[in-house]
Amino acid sequence: MKRKSEFKEQCSNCEQGYRVVEEIQISREKRKFECEECGHLIKKWNGSVDYIFYKI
Ligand SMILES: [Zn+2]
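Described below are features of the structure shown in this document. Note that the coordinates shown come from a computational prediction; the quantities given were computed from them, not determined experimentally.

## As for the coordination of the zinc ion
Argument step 1. Around the zinc ion, the protein contributes the donor atoms Cys11 (SG), Cys14 (SG), Cys35 (SG) and Cys38 (SG), at 2.3 Å from the metal centre.
Argument step 2. Taken together, the four donor atoms surrounding the zinc ion define angles of 104 to 115° at the centre, an arrangement classified as tetrahedral.
Argument step 3. When the donors of the zinc ion are listed by position in the chain, the intervening gaps give C-x2-C-x20-C-x2-C. Of this pair, Cys14 sits in the loop between β1 (4-10) and β2 (17-34) while Cys35 sits in the loop between β2 and β3 (41-55); the two residues are 21 residues apart in sequence, bridging distant segments of the chain.
Argument step 4. Residue classification places Cys14 among the partly exposed positions, given a relative accessible area of 35%.
Argument step 5. A relative accessible area of 4% places Cys35 in the buried class.

Given below as structure tokens:
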């Protein structure tokens, strides 16, 4: 069963808010998310969790 949780993240550069959904995934991949507005790096992760960002 998949566990899902949600939290909020804000770009520290332009203050754009994002709703972030955390999902357990099977494959281990290095990923990152950059702000859609200004390109600032918001999050980097690596492992069995994936994050999906939605602009608020
Ligand atoms: Zn930004």
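## Regarding the pairing of β3
Argument step 1. Where β2 meets β3, 13 bridges bridge the pair, whose relative direction is antiparallel. From the neighbouring strand, Arg19 faces β3, where its bridge partner is Tyr54.

## Some remarks on the pattern of salt bridges
Pairing is possible between side chains that carry opposite charge, provided their charged atoms lie close to one another.
Argument step 1. If you walk through the whole model with that rule in mind, you get six salt bridges.
Argument step 2. Across the salt bridge formed by Asp50 and Arg31, the nearest N and O atoms sit 3.4 Å from each other. Of this pair, Asp50 sits in strand β3 while Arg31 sits in strand β2; the two residues are 19 residues apart in sequence, bridging distant segments of the chain.
Argument step 3. According to the relative accessible area criterion, Asp50 is buried, its value standing at 10%.
Argument step 4. Residue Arg31 is classed as partly exposed on the basis of its relative accessible area, which comes to 33%.
Argument step 5. The network of salt bridges with shared partners includes Glu29, Arg31 and Asp50.

Rules used throughout
- Residues numbered from 1 in each chain as written.
- Predicted model: local features only at pLDDT ≥ 70, side-chain atom pairs only at ≥ 80, totals over all residues.
- Heavy atoms only, no water.
- Donors = N, O, S within 2.8 Å, 3.2 Å for Na, K, Ca; no water.
- Tetrahedral: all angles 85-135°; square planar, octahedral: opposite > 155°, others 65-115°.
- Helix = DSSP H or I, 4+ residues; strand = E, 2+ residues; numbered from the N terminus.
- Buried < 20%, exposed > 50% of the residue type's maximum accessible area, 1.4 Å probe, protein only.
- Pairing = 2+ DSSP bridges.
- Salt bridge = Lys/Arg side-chain N within 4 Å of Asp/Glu carboxyl O.

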